[in-house]
Amino acid sequence: MTSVLYDLPGPRARVRNRTFGFTAVVGLVTLVGFIGYRFWVTDQFAGRKWEWLLYKDLQLQLVAALGATLAAFAVGALLALVVGLLFAIARLSEHAWVQAPAATAVEFLRAIPLVVMIFFLFYGAPQAGLRLGVFWSLVVGLTVYNGSVLAEIFRAGVQAVPRGQREAAFALGMRKNQVMRAVLLPQAVRTMLPTVVSQLVVLLKDSALGFLITYPELLFDARYIGSLAEFGRPIIPTAIVIGTVYITLCVALSLLAGYLERRNRRRRHSGRELPTTHVRGVTANLGA
Amino acid sequence: MLGVIADNWDLFITGFRNTVFLFVLAGVGALLLGMLLAAMRVSPVPTMRLLGSGYVTIFRNTPLTLVFFFFAFAYPRLGLIDVSFFVRAVLALTVYTAAFVCEVVRSGINTVDVGQAEAARALGLTFTQTLTEIVIPQAIRSVVPPLTSVLNALLKNTTVAAGFAVAEAGQIIPTLSERGAPVLFGMAWIAIGFLILVFPLTATQRILEKRWSVAR
């Protein structure tokens, strides 16, 4: 492997690398061993703490919690895509009175932390006589935040289509609407698909914020099971189980995003990568 | 609208002060840990690369709320040193954000063309010279903008700590609603507060970008 930082290692470098590698492994084993030791000392491996996994009621409850997480994700993702599309179309509009308010709204919604937004919907909206409840507070929060981020991704995708495409379509006598639907969008969708899917990973991760307003999703269930005295308050085992579920879901989605990106790169002649300058600041892929 | 902030001045001040503390401490921690991880990910030692990418994969695909959950509820059960919620919030933000810092730094190093280092070595520059004179100056240019958005996201993410008993900016809205104050105006003030906090970040980015925008 050649890198900008070093050449292929020679015999001395190979020995040195092996020493470093060995040290790293020893360090890791020590760390994992220490954590395992603390688990063992504090009795986290005791059968009693894992027994809850065998109870049908708790299993069903876990499945229901998973369903709640996925429901918030699915509804939020669908609405965010719609809202994002609307915002993107508004921002791409040639009429200043459509474009300017949309731009302001997108910037404003992106600047507010999602937690503050969700708290606002949950605690603030009832003051105006609007009772959203936990589910809709979470989903509306996810929608407006991710919708405004997706709007930027869509806009960047459309703008990344080479100008000649648009000019040629207009030269053929197509209308604005036709140019967008028949020429620009089909090309843009392919380039922005990986970014959109990564943003959906963010949305899935953000759905865990429902825990803060007691939406009965996975973390909420983990907290509940973790407080059951008859199993010795197994908060660490439940955190491990729920963590595994979350990581599996997100990794699956991330792998899909990676696959789509690789497919794009393979067909670079047709699909163009989104210039990073357009999406910078939009997709740090960081959600809460 | 002014009434809200005047009546709840204490709340806004402590809230945003704690947010800034969380941000600065976690920011420094995440930058250090992230650079260490990035160094591991670009090192010639396969096991270190594996460790680095394992860390990144796990933490990029974990909700921050789950990391907080672990530090808030599971950590005390391990019987380790007892630390306050605030310190645990800093730890949670640090380990989470470090994964993103690592990715940004790594891809920045990868944008430097291999030919640059080859040419530097052909000219007889040592490894340290190659690194400090050729590779890092070029990598840093492409690192600054995405790093700013990572820090920006960290600033917003500090609000998650509000759900775990740290009184910071995220806690303002629930408290306002408890006090029966108009939450909508509170929300507007919080938005303004965050815009003010974001400003130095984007300003720094703009200055650095302008300084380094010279021909590449």
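Residues numbered from 1 in each chain as written. Chains lettered and ligands numbered in written order. Predicted model: local features only at pLDDT ≥ 70, side-chain atom pairs only at ≥ 80, totals over all residues.

With that settled, consider the overall build of chain A. Helices and strands together make up the secondary structure of chain A, namely 11 helices and zero strands. Ordered by position from N to C terminus, the α and β elements of chain A give α-α-α-α-α-α-α-α-α-α-α. For chain A, the spread of C-alpha atoms along the three principal axes comes to 75 × 70 × 30 Å. Put simply, 77% of the contacts in chain A that link residues at least 6 apart link residues at least 24 apart. (Helix = DSSP H or I, 4+ residues; strand = E, 2+ residues; numbered from the N terminus. Contact = placed C-beta atoms within 7 Å.)

So, about the overall build of chain B. Within chain B, the secondary structure is distributed over nine helices and zero strands. Going from N to C terminus, chain B has its helices and strands arranged as α-α-α-α-α-α-α-α-α. Along the three orthogonal principal directions, the C-alpha set of chain B runs to about 70 × 45 × 25 Å. Burial analysis of chain B (216 residues in total) assigns 45% to the buried set. Residue pairs in contact within chain B that sit at least 24 positions apart in sequence constitute 74% of those at least 6 positions apart. (Buried ≥ 20, exposed ≤ 12 C-beta atoms within 10 Å, placed from the backbone.)

Turning next to helix H3 (residues 46–60) of chain B. Given a rise of 1.5 Å per residue, 15 residues ought to cover 21 Å, and the 21 Å separating the end C-alpha atoms of H3 of chain B matches this to within 8%. For H3 of chain B, the full list of buried residues reads Met48, Leu51, Gly52, Val56 and Arg60 of chain B. Projected down its long axis, H3 of chain B shows its buried positions confined to an angular sector of 145°, all on one face. For H3 of chain B, the secondary structure elements touched by its buried residues are helix H1 (11–41) of chain A together with helix H2 (9–41) and helix H5 (85–110) of chain B. (Expected span 1.5 Å × (residues − 1). Arc of directions from axis to C-beta.)

So, on to unusual backbone geometry. One non-glycine residue, threonine 214 of chain A, adopts positive backbone phi at about 60°. Given 11 C-beta atoms within 10 Å, threonine 214 of chain A falls into the exposed group.

Contacts between the two partners involve 48 residues from chain A, matched on the other side by 55 residues from chain B. Elements represented by at least two residues in the side of chain A that touches chain B include exactly H1, helix H4 (96–111), helix H5 (114–124) and helix H10 (235–266) of chain A. The greatest single-element share of the side of chain A that touches chain B, amounting to nine residues, is contributed by H10 of chain A. For the side of chain A that touches chain B, the residue count by class is 33 nonpolar, 12 polar and three charged. (Nonpolar A, V, L, I, M, F, W, Y, C, P; charged D, E, K, R; others polar.)

Below, the discussion takes up helix H7 (residues 127–157) of chain B. Here H7 of chain B is 31 residues long, yet its end C-alpha atoms lie only 38 Å apart, well below the 45 Å a rise of 1.5 Å per residue gives. Along H7 of chain B, the helix axis deviates most sharply at valine 135 of chain B, where the bend reaches about 40°; the proline proline 137 of chain B sits within four residues downstream. (Bend = angle between axes of the 7 residues up to and from the residue.)

This brings us to the nonpolar core. Residues Ile118 of chain A together with Phe68 of chain B are the most contacted members of the largest nonpolar core, which totals 130 residues. Beyond its immediate stretch of four places on either side in the chain, phenylalanine 68 of chain B contacts Ala89, Ala92, Val160, Ala161 and Phe164 of chain B. (Core = buried A, V, L, I, M, F, W, Y, C linked by C-beta atoms within 7 Å.)

All right, on to the packing of helix H7 (residues 163–171) of chain A against helix H8 (residues 176–206) of chain A then. Residues and elements named next belong to chain A. Running from N to C, H7 and H8 point in directions that differ by 160°, and their axes come no closer than 10 Å. As judged from the angle between their axes, H7 and H8 are roughly antiparallel. As for the relative orientation of H7 and H8, their crossing is right-handed in sense. In contact with Gln165, Arg166, Ala169 and Phe170 of H7, H8 contributes Val179, Val183, Leu184 and Gln187. The residue inventory of the contact of H7 with H8, partitioned by class, reads five nonpolar, two polar and one charged. (Axes fitted to C-alpha atoms, helices over the stretch in contact; angles between N-to-C directions. Parallel < 35°, antiparallel > 145°, perpendicular 65-115°, else oblique. Left-handed = near helix turned anticlockwise from the far one by under 90°.)

Bringing the packing of H2 of chain B against H3 of chain B into the picture now. All names here are of chain B. Interaxial distance between H2 and H3 falls to 7 Å at its minimum, and their mutual angle equals 130°. As the angle between them shows, H2 and H3 are arranged oblique. The element H2 and its partner H3 pack so that their crossing is left-handed. Between H2, through Leu37, Met40 and Arg41, and H3, the contact on the second element is made entirely by Met48, Arg49, Leu51, Gly52, Ser53, Tyr55 and Val56. In terms of residue class, the contact of H2 with H3 is built from six nonpolar, two polar and two charged.

Turning our attention to the environment of methionine 117 of chain A. Residue and element names in this part refer to chain A. Tracing the sequence through the fold places methionine 117 in helix H5. Sequence spacing of methionine 117 and glycine 141 is 24 residues, and the spatial spacing of their C-alpha atoms is 5.9 Å. Other than its neighbours up to four places away in sequence, methionine 117 contacts Ile112, Gly141, Val144 and Tyr145.

With 91% of its residues at a pLDDT of 70 or more, chain A has an overall mean of 85. pLDDT under 50 marks residues 275–285 of chain A. Its contacts with residues more than four places away, or in other chains, come to 29 contacts. (pLDDT = per-residue confidence, 0-100.)

Moving on, we get to the confidence of the model for chain B. Residues and elements named next belong to chain B. Summing up the model confidence of chain B, the mean pLDDT is 86 and the portion of residues at 70 or higher is 98%. When the elements of chain B are averaged for pLDDT, helix H1 (residues 2–7) gives the smallest value, 76, and H5 the largest, 91. For this predicted complex, the interface score ipTM comes out at 0.84, alongside a pTM of 0.86.

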